Structures are given as structure tokens and as C-alpha cells.
Amino acid sequence: MSPLTGLKNEKIKINFVIKLRRLPLNLPLSSQVKFVMDEKTTLSDLLALNLHNYEDEVKNIVDKSVKEMSMEKVLKELHATWSTMEFDHEVHHRTNLTVLRASEELIEILEENQVQLQNLMSSKYISFFLDEVSDWQKKLANADQVIQIWFEVQRTWMHLESIFIGSEDIQRKFTGGSIATNKPHLYERLENIQKDLTLCEKALTEYLETKRLAYPRFYFMSVPDLLDILSNGNQPVLVARHLSKLYDSMCKLKFRVVDGRTTKLAEGMYERDGEYVEFFGECECTGKVEVWLNRLTDTMRRTVRHYLGDAVVTYEERSRESWVFDYPSQIALCGTQIWWATEVSIAFARLEEGYELAVRDYQRKQ
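Everything in this summary refers to the structure shown in the same document. Because the structure is a prediction, the values reported are computed rather than measured.

1. Looking at the overall build of the protein chain
Next, step 1: Helix and strand counts for the protein chain come out as 13 helices and five strands.
Next, step 2: Counting across all 366 residues of the protein chain, residues that qualify as buried make up 32%.
Next, step 3: Residue pairs at least 24 apart in sequence account for 51% of intrachain contacts in the protein chain once pairs closer than 6 positions are excluded.
Next, step 4: Approximately 23,700 Å² of the protein chain is accessible, and the part contributed by carbon and sulfur atoms is 52%.

2. Points about the packing of aromatic side chains
Next, step 1: The tally for this structure, following the rule as stated, stands at six aromatic pairs.
Next, step 2: With centroids separated by 5.0 Å and ring planes inclined at 90°, the aromatic side chains of F128 and F129 adopt a geometry described as edge-to-face.
Next, step 3: Judged by its relative accessible area of 5%, F129 is buried.
Next, step 4: One aromatic cluster is present, built from ring pairs that chain together Y315, W323, Y327 and W339.

3. Focus: the packing of helix 2 (residues 55-82) against helix 3 (residues 104-121)
Next, step 1: Taken N-terminus to C-terminus, the directions of helix 2 and helix 3 make an angle of 155°; their axes are 11 Å apart at the nearest point. The angle between the axes of helix 2 and helix 3 places the two elements in the roughly antiparallel class. Relative to helix 3, helix 2 is oriented so that their crossing is left-handed. Taken together, the residues of helix 3 that come into contact with helix 2 (itself represented by M71, V74, L75, L78, T81 and W82) are L106, I109, L110, N113, Q116, L117 and L120.
Next, step 2: When its residues are assigned to classes, the contact of helix 2 with helix 3 shows ten nonpolar, three polar and no charged.

4. Description of the sheet that holds strand 4 (residues 261-271)
Next, step 1: Pairing is antiparallel in the open sheet, where three strands are placed in the order 3-4-5. Whereas interior strands pair on both sides, the edge strands pair on one side only; in this sheet they are strand 3 (250-258) and strand 5 (276-284). On average, adjacent strands in this sheet sit at an angle of 35° to one another, irrespective of strand direction.
Next, step 2: Here helix 10 (residues 289-314) sits on the sheet and contacts strand 3, strand 4 and strand 5; the angle it forms with strand 5, its principal contact strand, is near 130°.

5. Some thoughts on the packing of helix 6 (residues 186-214) against helix 7 (residues 223-231)
Next, step 1: Helix 7 packs onto helix 6 with a crossing angle of 75° between their chain directions and a minimal axis gap of 12 Å. Taken together, the axes of helix 6 and helix 7 lie roughly perpendicular to each other. Packed against helix 6, whose contacting residues are L204, Y207, L208, K211 and R212, the element helix 7 presents V223, L226, L227 and L230 at the interface.
Next, step 2: Tallied by class, residues from the contact of helix 6 with helix 7 come to seven nonpolar, no polar and two charged.

6. A closer look at the pairing of strand 1 (residues 88-91)
Two faces belong to every sheet, and in a regular strand the side chains alternate between them.
Next, step 1: Alignment of strand 1 against strand 2 (residues 98-101), held across four bridges, turns out to be antiparallel. Bridge assignment links V91 to a residue of strand 2, and that residue is T98.
Next, step 2: Taking the residues between adjacent antiparallel strands as the criterion, strand 1 and strand 2 are bridged by six residues, where N96 takes a positive phi near 65°.

7. As for the pattern of salt bridges
Next, step 1: Counting across every chain of the model gives eleven salt bridges.
Next, step 2: Notably, a salt bridge pairs K245 with D225, separated by 3.1 Å at the nearest N-O pair. Remark: D225 occurs in helix 7 and K245 occurs in helix 9 (residues 243-246); sequence separation between them is 20 residues.
Next, step 3: Connected via shared salt-bridge partners are R256, E267 and E282.

8. A word on the nonpolar core
Next, step 1: Ranked by internal contacts, the top residues of the largest apolar core, which has 29 residues, are F218, L243, L246, L253, L293 and L296.
Next, step 2: Elements with a contribution of two residues or more to this core: helix 6, helix 7, helix 9, strand 3, strand 4, strand 5 and helix 10.
Next, step 3: Of all the elements, helix 10 adds the most residues to this core, at five residues.
Next, step 4: What L243 contacts, discounting residues up to four positions off in sequence, is M250, C251, K252, L253, L293 and L296.
Next, step 5: One finds L78, L110, I147 and F151 within the second-largest nonpolar core, a separate group that totals 26 residues.

9. Remarks on a negative patch on the surface
Next, step 1: Taken together, E104, E105, E108, E111 and E112 make up a surface patch of like negative charges.
Next, step 2: Counting through the fold element by element, E105 comes out in helix 3.
Next, step 3: E105 gets classed as exposed once you look at its relative accessible area, which sits at 52%.

10. Looking at a nonpolar patch on the surface
Next, step 1: On the surface, a cluster of nonpolar side chains totalling about 370 Å² of accessible area is made up of L213, Y219 and F220.
Next, step 2: By the element assignment, L213 lies in helix 6.
Next, step 3: A residue is classified by how much of its surface remains accessible, and L213, at 59% relative accessible area, is exposed.

11. A short note on the pairing of strand 4
Next, step 1: Where strand 3 meets strand 4, seven bridges bridge the pair, whose relative direction is antiparallel. Opposite F255, over in strand 4, you have A266 as the bridge partner.
Next, step 2: In this structure, the hairpin formed by strand 3 and strand 4 is closed by a connection of two residues, where D259 is found at a positive phi of approximately 55°.
Next, step 3: Inspection of the sheet shows strand 4 paired to strand 5 by five bridges, in the antiparallel sense. Bridging across to strand 5, L265 finds its partner in E284.
Next, step 4: If you look at the hairpin formed by strand 4 and strand 5, you'll find four residues sitting between the two strands, and G274 has a positive phi there, around 105°.

Here is what the cut-offs are and how they apply
- The numbers attached to residues start from 1 for each chain and follow its sequence in the written order.
- With the structure being a predicted model, the display of local features is reserved for residues of pLDDT at least 70 and the display and counting of side-chain atom pairs for 80 or more, all residues being used for whole-chain, interface and lining totals.
- To get the side-chain values, all heavy atoms of the structure are used, and hydrogens and water are removed first.
- Runs of E in the DSSP output that reach at least two residues are strands. Runs of H or I that reach at least four are helices, and both are numbered from the N terminus.
- In this scheme, a residue with accessible area under 20% of its type's maximum is buried, one over 50% is exposed, and one in between is partly exposed, where area comes from a 1.4 Å probe on protein chains only.
- Should any heavy atoms of two residues lie within 4.5 Å, those residues are considered in contact.
- Every accessible area reported is derived by Shrake-Rupley at a probe size of 1.4 Å, with residue values counting cover from the shown protein chains alone.
- When the centres of two rings from Phe, Tyr and Trp lie within 6.5 Å, Trp using its six-membered ring, the rings pair. Their planes under 30 degrees apart give stacked, over 60 give edge-to-face, and anything left gives tilted.
- Lines fitted to C-alpha atoms define the axes, with helix axes restricted to the stretch in contact, and inter-axis angles between N-to-C directions lie between 0 and 180 degrees.
- Angular relationships are summarised with four words: roughly parallel below 35 degrees, roughly antiparallel beyond 145, roughly perpendicular across 65 to 115, and oblique for the angles in between.
- Rotating anticlockwise by less than a right angle from the far helix to the near helix defines a left-handed crossing, while the corresponding clockwise rotation defines a right-handed one.
- Polar here means any residue outside two lists: the nonpolar Ala, Val, Leu, Ile, Met, Phe, Trp, Tyr, Cys and Pro, and the charged Asp, Glu, Lys and Arg; Gly therefore counts as polar.
- By this definition, two strands are paired if DSSP reports at least two bridges between them.
- By definition here, a salt bridge exists when the distance from a side-chain nitrogen of Lys or Arg to a carboxyl oxygen of Asp or Glu is within 4 Å.
- By convention a nonpolar core is built from buried Ala, Val, Leu, Ile, Met, Phe, Trp, Tyr and Cys residues, the set being connected through side-chain atoms within 4.5 Å.
- Residues form patches when they are more than 30% accessible in relative terms and have no salt bridge. Like charges link within 9 Å. Nonpolar side chains (Val, Leu, Ile, Met, Phe, Trp, Tyr) link within 5 Å.
- The convention is simple: Lys and Arg are positive, Asp and Glu are negative, and His and the chain ends are not counted.
- Lysine's charge is taken at NZ, arginine's at CZ, aspartate's at CG and glutamate's at CD.

Structure, rendered in C-alpha cells:
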């Protein structure tokens, strides 16, 4: 039995959900009846059409209209969202250039909308909105590509900027350029810029390898730390903050001060716990950073060798308590081990010569 059977012929207004467009409803009637449903349509108007005799056809048309209405809602929301969407921005601290930032919300919305459009394209009711949905897919796909390459260009540029600006040595090896982003064919331009920056990064990698070969301790460092050292190579005070990554224990240098100004002559080195060791001869921290760091290594070795030789010679001339505190802790430790090994060997020699208490006497001394 039809669900319309038994209803009285009253003027009951029906609010159908067919409101996407004023599209005539075509029914497979012999007379090809057409009508437009609006707020004035009453139940008696529908009964006069004998729609209950075409329940399946009406149901299919209503289902299609509901789906189309849902699609139209999604497309309207897309338009409302992307007509007001904006990038965040910040000012680059060194160049004062405006740098774009994409919020997590923007990226999430972009991904979500792309999934929505993909779902619409898979719907069997897509025909009426096919062109519009395809157009939105192209727009968002292009936006996704441009955002990705734009931020990749920004990251690469900011990664390299401090090197080109801060290091005279690197400036002589590379040349820079300007980025214009407000002209047509933005993606193509950004793609070309990224290719140039990629070539620049490759050349920079080769350049860093030459620095590592010249000063192998650079292999211990991350690329950002190494770039920071190279960009401040002519400022040894700034480079010194990385010393703990290059040498065990040494964390900073003491530079000679003349007339209230700090020079580039290092007089000594500090350990993490504050212990200070005066250099045996000064170290001039000038020139290419890898050159003066090698010079610093030589100075450190020369200093340790000098103090160790002196400590071994004077070990028996002073009381142990005095001797230990007269030298840096590394020297005192190493000197003590040298003398311990020597004196144990002497004790064994005396034992072989017949002095049975030689080792026991040395234990008491220790």
C-alpha cells in the first residue's frame, strides 16, 4: 500500500529538501508531467499528480537531490573557508624580510578538504557538480604544492643565509640572488629557485667537506654547529662556545685583554668545572677558522707536554700534597700513574734482589 493512501485532501505544505536548484522533476508518465516544488506546493497538488504510483522513481529523485544538497553544502563551506584563509607571517631577524608561516590549522584544513573533494568525486551523484569539484581539486592541489615548495625554499634560504652573510670566506665562493614571489607562475618560479638552492646546498656540502679534511674534529659536529662556527670564524669568542664539542672537557678560552679590549690571543683554557690551565706560549686565533683551531690543538698539546714533563721531574722533590695541587688535574693524574708504574717496577726489582718486604713497604707508602 502507498504511504499516501488514506490521507485527506487538505492543503498541507510540504518542505521537501529539494532546494539545490529549481530543477523540474521529470517522471516517467505518459504525459511527461513536469512541476516545480516550492513552499506553496500542497499535498493536494502532489496527490493530483498520482505520485504514489511512482514511489520508486520519486524516492530515487529525492535521494539524488539530498546527496546533491549535501555536495552543495560542502562546496559552499569550501568557498567560505578559503576566501578568508590567510598565512601567518614573521620578520626575519637579520634581513627584516617577511617570512610566511603556515599554522597547523591551515595544513589540517587543507588535507581535510582534499579528502572531502576526493570523496565527492567518487560519488555516483557527482555529475551536476563535476566541473566545480574538479576545479576545487585543482585549486587545492596547486595550493598544497605551492605551500610545500614555498616553505622548502624558505627553510633552505634561512639555512644558508647566515653562512653567506656571516662568513667572508664563503661569500667569496658563492653568489646570492633575490626572490620575487608576487608574479605569475609562482609555483614554476619557486621550483626554479629551489633547484638553484639545491645546487647551492650541494656545493656547500662539498665546501664543508674541505673544511672537515683540513680540521678533522669538524667530523664530530652537526652541520648547524659547523655552519655556525664557519660563519663566525673571525670571531674566536663566538667560536669558543663550541669547544666542548671539539675537545673533551675544554669549554672556553681566556683571551688577552689590552686597554680594555679583548684581543684574539688566547692565553689559556678553561675546563667545564672551572679549572684553568695557562698555555705554554700564546695561541693566535686569526685567519681561517680551521687553521687557527689546528693551531689551538697544537698549543694545547704543547702545553700538556710541557706541564707533564715538569711534573714528572719534580715528583720526588716535593711533598705529594703540594705536588698534586701545583699542576692541572690531568697532569697530576697522569704523572702519578707514571710514577706508580715506575715505583712498582722498582719494588719488584728489589724483591728479586732478595728484599722480601719491598712490595709491602711500597704498599704502606701508597
